[in-house]
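A closer look at the structure
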Amino acid sequence: MARNKTLFIYNTSKQKEQEWSIYSENVINKSVTVGSIRKTYTISLSGDATIQFGVNDTVYLRAEYNYSTDSWKSHTDTPKEINFTVSGSAVTVSSSYSPELPA
């Protein structure tokens, strides 16, 4: 039986907009601009899945869902710039990434 999860995507940076990519084969494939208003997506998972989140083609986070335990784990090389939290069926991903401006 499939489990519905709601993804909440937030831009917590000082930039007006961020370019996000959200991808998991056969689950979700979105490229979206996130401004001051969050983006929300409902996904249906009927097995294990890995979702890749990217911000401005620079900051990435990989979230792995384990269907048998109904649990998540995540990994990023930039923990200060992208965050992942889960509460029940809500999955929240936020990024404070702001590109360095040339001097």
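Per-chain numbering applies: the sequence of each chain, read as written, is numbered from 1 onward. Given that the model is predicted, a residue must reach a pLDDT of at least 70 before its local features are reported, and side-chain atom pairs must reach 80 or more before they are shown or counted; all residues, however, enter totals for whole chains, interfaces and linings. For the side-chain quantities, the full set of heavy atoms in the structure was used; hydrogens and water were omitted.

1. Considering the side chain of Asn11
- Here a helix means four or more residues in a row that DSSP labels H or I, a strand means two or more in a row labelled E, and each is numbered from the N terminus. With respect to the secondary-structure elements, Asn11 resides in strand E1 (residues 3-11).
- Three exposure classes are used, based on accessible area relative to the maximum for each residue type with a 1.4 Å probe and protein chains only: buried under 20%, partly exposed in between, and exposed over 50%. Taking the relative accessible area as the measure of exposure, Asn11 reaches 13% and is therefore buried.
- For Asn11, the side chain forms a polar contact with the side chain of Ser13, separated by 2.7 Å.
- A 3.5 Å cut-off defines polar contacts: any pair of N or O atoms within that distance qualifies, except that in protein one atom must be a possible hydrogen donor and the other a possible acceptor, and neighbouring residues in sequence count only when both atoms are side-chain atoms. Reaching out from Asn11, the side chain makes a polar contact with the backbone oxygen of Gln15 at a distance of 3.2 Å.
- Working rule for contacts: check all heavy atoms of both residues, and any pair within 4.5 Å makes them a contact. Leave out the neighbours within four places in its chain, and Asn11 touches Lys16, Glu17, Gln18, Val34, Gly35 and Ser95.

2. Section: the sheet that holds E1
- What makes two strands pair is DSSP finding at least two bridges between them. Spatially, the four strands line up as an open sheet ordered E4-E1-E9-E8, and their pairing is mixed. With one partner strand each, in any of the chains shown, strand E4 (39-45) and strand E8 (82-87) form the two edges of the open sheet. Averaged over all pairs of adjacent strands, the angle between strand axes in this sheet comes to 20°, irrespective of strand direction.
- In this structure, E1 lies alongside E4, joined through seven bridges in antiparallel fashion. Following the sheet pairing, Ile9 is matched in E4 by Lys39. All axes here are fitted lines through C-alpha atoms, helices being fitted over the stretch that makes contact, and every angle between N-to-C directions spans 0 to 180 degrees.

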